[in-house]
Amino acid sequence: MSKQDSNGGASGPSAGEKGGERFSSLGFIMSAIGSAIGLGNLWKFPYITGIYGGAAFVLLFIICLVIVGMPVLLAEMAIGRAGRGNASTSFLNLSGSKRWSFFGFLGVFGSFMITSFYSVIAGWTLHYALSSFTGALYKGTDYAAQFQAFTSGYSPIAWQFLILGLSGWVIARGVSGGIEKFNKVLIPALAVVLLILMARAMTLPGAGAGIEFFLKPDFGKLTGESTLVALGQAFFSMSIGMGVMITYGSYVRKGQSLGKATVAVTGGNLLYALIAGLIVFPTTFSFGLEPAQGPGLVFVVLPAAFSSMPLGAAFGGLFFVLLAIAAFTSILSLLEVPVAFAMDRWKWSRLKATSWTTAVCFIVGVPSALSVGGVLSDFKIGGKTVFNSLDFVTSNILLPIGGLVVTLFIAYASKRAMEEAGLKGTLLRVWVFLLRIVIPPLIVLIFLYSVGIIS
């Protein structure tokens, strides 16, 4: 434990303290759920569940969520509230070490880069929502060709610009007046849309087979690979390693229980993922489609299903609105990380920090938008497109490193951050045991699997 840590942390205003920005209790939980619920839940979770065997994988994912996701999520929140700064400054305030601060900066950089290409996918969902509501999406039957035609043009840049512009506008309004206010509206709206779509999917002819596939375990389908994938999904679906929950934690009031917030965020995250599965699998099975289609499940397979059902254009539009809302709430949290850093590091106003960060993020993201079938699709970095390269580096390298740093820091380097979590007795001992003994090797395994060293 450092001298700064034992003395109460380094002094200096943080982004949260300069303007007195704080979440309300409900606002923090809503915003944290909004960060965790993204395309990782509503897009990636259903298709990897289809690939790795259905219900048995879901159960494995829940176990990994409890063992890995919840403890690290609580650790990030505690570091943020104890350090009262952005993802880099919180480490510095608690340790007085620039080395820890540098590792925290990796989270800031990772969030910025993820936003640059994640906003591209978010733009796709808006385009598909509009195309579905107008019926333009269903004028042909080759949905793979339609997706290719859309991504090969320049219109994805316009949709990306719209997403980032809206996100920047919300972020510029502040923590309580922007992020919290919009999440309080968007998260309940997301729940309503989810329930409407779930009710429709579960009443389709033949939907029972999809429900059984999703909820009836077949443990014979589990393998070592599926365990590593479940670990990775549990880790990434909670926005861990991105600096998001450290930044959000710096805006949490002292009286709020971080333990209860962790349970609420994890429960909300899991609930939304399960409902997404009860939309996707009954729909695909009802129309005899393949549930293990990879990323194409959303933009190729499901449009074929919507085209065949009564009022399919409306339900398809709602589904893509659902994806767009989920992506938007995640981008709000991701964008706030570098904005908070800019406010702390260069003492910029929130408006200036948001404007510059959003503009640069858009410019950096344009090559990603043009690399998915567009004019830069033949430009490769290590055999990968720009889009896939950024996805690989951030998801498979930066985020595991970020999660490991958080785990080791709170377990070994900062007693003050550990105390901030508010756990006592058996819960504290179990949490510390997981952080010190169990989680670090599991994160290393996730990293080794992600980069292809083990399989």
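Scroll up to find the structure.
Okay, so let's go over this structure. (Residues numbered from 1 in each chain as written. Predicted model: local features only at pLDDT ≥ 70, side-chain atom pairs only at ≥ 80, totals over all residues. Heavy atoms only, no water.)

Bringing the overall build of the chain into the picture now. A count of helices and strands for the chain gives 20 helices and 0 strands. Taking 455 residues into account, the globule formula puts the C-alpha radius of gyration at 23 Å, and the chain, at 21 Å, falls close to it. If you line up the chain on its principal axes, its C-alpha atoms span 65 × 50 × 45 Å. Expressed as a percentage of the 455 residues in the chain, the buried residues total 60%. Long-range pairs, those at least 24 residues apart, make up 82% of the contacts in the chain with a sequence separation of at least 6. Measuring between centres, the 29 positive side-chain charges of the chain sit 9 Å from its 16 negative side-chain charges. (Helix = DSSP H or I, 4+ residues; strand = E, 2+ residues; numbered from the N terminus. Rg over C-alpha atoms; globule rule 2.2 N^0.38 Å. Buried < 20%, exposed > 50% of the residue type's maximum accessible area, 1.4 Å probe, protein only. Contact = heavy atoms within 4.5 Å. Lys, Arg positive; Asp, Glu negative; His and termini not counted. Charge placed at Lys NZ, Arg CZ, Asp CG, Glu CD.)

Moving on to the pattern of salt bridges. The tally for this structure, following the rule as stated, stands at 6 salt bridges. Close ionic contact of Lys216 with Glu212 constitutes a salt bridge, the shortest N to O distance being 3.7 Å. Lys216 sits in the exposed class, given a relative accessible area of 52%. Residue class for Glu212 comes out partly exposed when judged on its relative accessible area of 46%. Where Lys254 meets Glu420, a salt bridge forms, and the shortest distance between an N and an O atom there is 3.0 Å. On the criterion of sequence distance, the pair formed by Lys254 in the loop between helix H13 (244–249) and helix H14 (258–286) and Glu420 in helix H19 (residues 415–420) is long-range, its members being 166 residues apart. With relative accessibility at 49%, the residue Lys254 sits in the partly exposed group. It is possible to trace a salt-bridge network through shared partners that takes in Glu21, Glu336 and Arg350. (Salt bridge = Lys/Arg side-chain N within 4 Å of Asp/Glu carboxyl O.)

Looking now at the layout of surface pockets. Reported here for the largest pocket is a volume of approximately 1200 Å³. Considering the residues around the largest pocket, the lining is formed by 48 residues, among which Gly40, Lys44, Tyr47, Asp391 and Ser395 are closest to the centre. Counting only elements with at least two residues in the lining of the largest pocket, the list comes to helix H3 (25–36), helix H4 (39–51), helix H7 (98–134), helix H12 (224–237), helix H15 (296–308), helix H16 (312–346), helix H18 (386–413) and helix H20 (425–450). Class assignment for the residues of the lining of the largest pocket results in 28 nonpolar, 18 polar and 2 charged. (1 Å grid on protein atoms, 1.4 Å probe; cavity = no way out; pocket = protein on both sides within 12 Å on 5 of 7 lines; lining within 4 Å. Points joined across faces, edges and corners; volume = space filled by probe spheres on them. Nonpolar A, V, L, I, M, F, W, Y, C, P; charged D, E, K, R; others polar.)

To continue, consider the nonpolar core. Grouped together as the largest cluster of nonpolar side chains are 151 residues, with contacts concentrated most on Ile79, Phe319, Phe320, Leu322, Ile410 and Trp431. Apart from residues lying up to four places away in sequence, Phe319 is in contact with Leu197, Ile279, Val298, Leu302 and Phe306. (Core = buried A, V, L, I, M, F, W, Y, C linked by side-chain atoms within 4.5 Å.)

Following the sequence through the fold, Gln160 ends up in helix H9 (residues 155–172). Among the residues examined, Gln160 registers a relative accessible area of 0% and is labelled buried. Of the polar contacts made by the side chain of Gln160, one reaches the side chain of Ser119; its length is 3.4 Å. Beyond its immediate sequence surroundings of up to four residues, Gln160 is in contact with Ser116, Ser119, Val120, Gly123, Cys361, Phe362, Gly365, Val366 and Ala369. (Polar contact = N/O pair within 3.5 Å; in protein donor to acceptor, adjacent residues only side chain to side chain.)

Positionally, Ala324 belongs in helix H16. On the accessibility criterion, Ala324 (8% relative accessible area) is buried. Taking C-alpha positions, Ala324 is 9.5 Å from His127, a pair spaced 197 residues apart along the chain. Setting aside its immediate chain neighbours within four residues, Ala324 contacts Thr125 and Leu126.

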